[in-house]
Amino acid sequence: GSFRVLTLTSCLCDTGYYEARQTNCLACSYTCQTCNVTFSQCISCNASNHRTVLLGNACPCDPGYFNAGSSMCQQCHYSCLTCWGVGLTGCSTCNTTIRTLSSGQCLCLAGKYDNGVNSTCDPCDSRCLTCSAGTPLSCISCNSTLQRSL
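Here the structure is a predicted model, which means the values were calculated and not measured.

Novice: Just give me the short version of the overall build of the chain, but keep the residues and values in it.
Specialist: When helices and strands are tallied, the chain shows zero helices and 16 strands. Looking at the chain as a whole, 29% of its 150 residues are labelled buried. The contacts in the chain between residues at least 6 apart in sequence include a share of 7% that link residues at least 24 apart. For the chain, the computed accessible surface area is about 9100 Å², with 57% contributed by carbon and sulfur atoms. Between the mean site of the 7 positive side-chain charges and the mean site of the 6 negative ones, the chain shows a separation of 6 Å.

So, in structure tokens, the structure goes:
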């Protein structure tokens, strides 16, 4: 098909297509909702695909989402601020007030542990320096200032 729609008395390209050589309508990049001149020159973005901000002529994924090669951006792991891929090891940046980036993971700072639910880090028991949960029996390392050892 020609991917055209009649608007008043003109045959315009459908949403998601652009005018190419005055006869054909070609598909826009999957990142664009609408485009102009070339397939990758976006003029609007699709918020339902987690692409809400038009930067220059591009529709990057919203913060907390990444481009997985389709129109719909994929959500980052809850521990990531931004990411390049899926899962626990796909983080690019972390909320540095509570986490640190290590080998693609956003790890909780010393004295806190990942509760497995959201981006916040919960406090370890006061006897632990690092821990896997909030109980005295979940220490990974001890708070040496309290003269404690595993």
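Next, the rest of the story.
Novice: So what's going on with the pattern of salt bridges? Residues and values would help.
Specialist: This model, assessed by the stated rule, comprises two salt bridges. The partner of Arg99 in a salt bridge is Asp114, with the nearest N and O atoms 3.3 Å apart. Highlighted residues: Arg99 in strand β11 (residues 99-102) and Asp114 in strand β13 (residues 112-114), separated in sequence by 15 residues. Given the relative accessible area of 2%, Arg99 is considered buried. Asp125 is paired through a salt bridge with Arg127; the nearest N and O atoms lie 2.7 Å apart. Residue class for Asp125 comes out buried when judged on its relative accessible area of 14%. A relative accessible area of 32% places Arg127 in the partly exposed class.

Novice: Now, about the environment of Pro123: what can you tell me, with residues and values included?
Specialist: Mapped onto the secondary structure, Pro123 falls in strand β14 (residues 121-123). Sequence separation of Pro123 and Cys59 is 64 residues, and the distance between their C-alpha atoms is 38 Å. Contacts of Pro123, omitting those with residues within four sequence positions, involve Gly111, Lys112, Tyr113 and Gly134.

Novice: Could you give me a rundown of the nonpolar core, with the residues and numbers involved?
Specialist: Residues Tyr18, Ala20, Cys28, Cys32, Cys35, Cys42, Cys45 and Cys59 constitute the largest nonpolar core, which totals eight residues. For Cys59, the residues in contact, after removing those within four places along its chain, are Thr31, Cys32, Cys42, Ser44, Cys45, Arg51, Val53 and Leu54. Cys80, Cys83, Cys94 and Cys106 belong to the second largest nonpolar core, which has seven residues in total.

Cut-offs applied
- For every chain, the first residue of its written sequence is number 1, and the numbers climb from 1 along that sequence.
- Totals for whole chains, interfaces and linings use all residues, but because this is a predicted model, local features are given only for residues with pLDDT of at least 70 and pairs of side-chain atoms are given and counted only at 80 or more.
- Note: side-chain values were computed over all heavy atoms of the structure, leaving out hydrogens and water.
- By the criteria applied, helices consist of DSSP H or I runs no shorter than four residues and strands consist of E runs no shorter than two, each listed in order from the N terminus.
- Using a 1.4 Å probe on the protein chains alone, a residue whose accessible area is under 20% of its type maximum counts as buried, one over 50% counts as exposed, and one in between counts as partly exposed.
- By definition in these notes, contact holds between two residues if any of their heavy atoms fall within 4.5 Å.
- Residue-level accessible areas treat just the shown protein chains as cover; the underlying method is Shrake-Rupley with a 1.4 Å probe.
- A positive count includes Lys and Arg, and a negative count includes Asp and Glu. His and the chain ends are not counted in either.
- Charged side chains are reduced to one point each, which is NZ for Lys, CZ for Arg, CG for Asp and CD for Glu.
- Whenever Lys or Arg places a side-chain nitrogen within 4 Å of a carboxyl oxygen from Asp or Glu, that contact is recorded as a salt bridge.
- Put simply, buried Ala, Val, Leu, Ile, Met, Phe, Trp, Tyr and Cys residues joined by side-chain atoms within 4.5 Å make one nonpolar core.

Structural measurements only, silent on function.
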